[in-house]
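Spelled out, the chains give:
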Protein chains: 2
Amino acid sequence: MHFDDKIPIYYQIKTNIYHEIIMGTLQPGEKLPSVRQLALDVTANVNTVQRALSEMIAAGIIDSKRGKGNFVTMDETKITDLKTQLITEQVARAYQQLHALNLSDEEILNSLKHYMTQRGNVE
Amino acid sequence: MHFDDKIPIYYQIKTNIYHEIIMGTLQPGEKLPSVRQLALDVTANVNTVQRALSEMIAAGIIDSKRGKGNFVTMDETKITDLKTQLITEQVARAYQQLHALNLSDEEILNSLKHYMTQRGNVE
DNA sequence: ACTAGTGTTCTATTTCTCTATTACACTATT
DNA sequence: AATAGTGTAATAGAGAAATAGAACACTAGT
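Residue numbers restart at each chain and count upward from 1, following the sequence in its written direction. Chain letters and ligand numbers both follow the written order, the letters beginning at A and the numbers at 1. Only residues with pLDDT of at least 70 get local features here, since the model is predicted, and only at 80 or more are side-chain atom pairs given and counted; chain-wide, interface and lining totals rely on the full set of residues. Hydrogens are left out, water is left out, and the side-chain values use all remaining heavy atoms of the structure.

All right, on to the overall build of chain A then. Going along the chain from the N terminus, every DSSP run of H or I of four or more residues is numbered as a helix, and every run of E of two or more is numbered as a strand. The helix and strand inventory of chain A stands at five helices and two strands. Taken from the N to the C terminus, the helices and strands of chain A come in the order α-α-α-β-β-α-α. Atoms considered for the radius of gyration are the C-alpha atoms alone. The globule rule reads 2.2 Å times the number of residues to the power 0.38. In terms of overall dimensions, chain A is more spread out than a globule: its C-alpha atoms have a radius of gyration of 17 Å, far above the 14 Å expected for 123 residues. Counting only C-alpha atoms and orienting by the principal axes, one finds that chain A spans roughly 55 × 30 × 30 Å. Using a 1.4 Å probe on the protein chains alone, a residue whose accessible area is under 20% of its type maximum counts as buried, one over 50% counts as exposed, and one in between counts as partly exposed. Counting all 123 residues of chain A, 37% fall into the buried class. Within chain A, contacts between residues at least 6 apart in sequence are counted, and of these 50% link residues at least 24 apart. Carbon and sulfur atoms form 49% of the exposed surface of chain A, whose accessible area is close to 7200 Å². The average position of the 13 basic charges and that of the 15 acidic charges among the side chains of chain A differ by 9 Å. When checking whether two residues touch, look at their non-hydrogen atoms; a contact exists if any pair is within 4.5 Å. Using a 1.4 Å probe, accessible areas were evaluated by the Shrake-Rupley method; residue-level cover was limited to the displayed protein chains. Charged-residue counts in this description rest on Lys and Arg as positive and Asp and Glu as negative, His and the chain ends being excluded. Think of each charge as sitting on NZ of Lys, CZ of Arg, CG of Asp or CD of Glu.

What follows is the structure, encoded as structure tokens:
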């Protein structure tokens, strides 16, 4: 796993697992790899993984069952809400950043469209 | 100045000054406040400000003159290039994040447009 | 009962960021 | 010359993040 050294690893692990849940790579009710296996997967320490999981457990997205494992919540509403929340955060963040670079709404949209067409042609 | 505790302060100071240069709040050739004044302005330590400045000096955006002060480069090409670079980074980052949330290109554009219209109505 | 596989917690250590403080180097003004 | 205002650098210390390692609590299969 690739880490941005400007952001805490535990936070990036959390974001990554959230993405897998939203993408459907991890289904509702599905068991996650064990904390020790996750630590190996992302080349981090068990404690660091545990910290990421703790926050997701506190948020109600992950159900922890001692001795059994960690499971994605069965409550699909929570997952939908999470997705909405993350989208809103990302869109707001991106808009504010680009606005701070003196781009108008139209220029922001055009920059994004331009990026998409370029990306579309490559793949 | 508002700091995101997930990102190093020196890095946020750097980004903030870059934005001021691109916005034109800081003009080419213009003298920046002294490092000690900047430290007071953002409520950070002189060393932290100096670290941010060092990276901008290394990037050629700021010219440092010992005993005189720090100045925005006169080379407007460098500023234009910086703006292009920052825009590309932000657009790419935003796209990848939203793509990782399972949004199609069209959905990404719609989310952004929706955000813009909502924001437009409030202000 | 035993064992292996889970989550959980604790301590010690390292690294990085940030702060505080001091000192040094240079410029301009008086 | 003296002084004030600049950038620059070095040291020491506090705090957070991450690591390594060990131990504890619970579950399931044998």
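Additional details are given in the paragraphs that follow.
Turning our eyes to something else, we now look at the protein's contact with DNA strand D. Nearness of a residue to a molecule or strand requires only that one of the residue's heavy atoms be within 4 Å of it. Looking at DNA strand D, there are 24 residues lining it, with A:I9, A:N47, A:T48, B:Q50 and B:S64 nearest. Taking the atoms of DNA strand D that fall within 4 Å of the protein, sugar and phosphate contribute 68% of them. Side-chain atoms alone can form a polar contact between residues adjacent in sequence; in general such a contact is a pair of N or O atoms within 3.5 Å, and within protein one must be able to donate a hydrogen while the other accepts it. Taking A:N47, its side chain carries an N or O atom lying 2.8 Å from a base nitrogen of DNA strand D. Between DNA strand D and B:G67, the relevant distance is 3.3 Å, taken from a base nitrogen to a main-chain nitrogen or oxygen of the residue. If you list the elements that add at least two residues to the surface near DNA strand D, you get α1 (9-23) and α3 (46-58) of chain A together with α2 (35-42), α3 (46-58) and β2 (69-72) of chain B. Each residue gets one of three labels, nonpolar for Ala, Val, Leu, Ile, Met, Phe, Trp, Tyr, Cys and Pro, charged for Asp, Glu, Lys and Arg, and polar for the others, Gly among them. Among the residues making up the surface near DNA strand D, the classes are represented as five nonpolar, twelve polar and seven charged.

Moving on, we come to the environment of B:I62. Residue and element names in this part refer to chain B. Considering the arrangement of structural elements, one finds I62 in strand β1 (residues 62-65). Exposure remark for I62: the relative accessible area of 1% places this residue in the buried category. In this structure the C-alpha to C-alpha distance between I62 and R119, which are 57 residues apart in sequence, comes to 34 Å. For I62, the contacting residues outside a window of four places in its chain are I21, L32, M56, I57, N70, F71 and V72.

On to the confidence of the model for chain A, then. The predicted structure's coordinates, where accompanied by low pLDDT, should not be read in detail. One number per residue, pLDDT, summarises how confident the predictor is, and it ranges from 0 to 100. Residues with a pLDDT of 70 or more make up 99% of chain A, whose mean pLDDT is 95. Strand β2 (residues 69-72) of chain A holds the highest mean pLDDT among the elements of chain A, 98, whereas helix α5 (residues 105-122) of chain A holds the lowest, 93.

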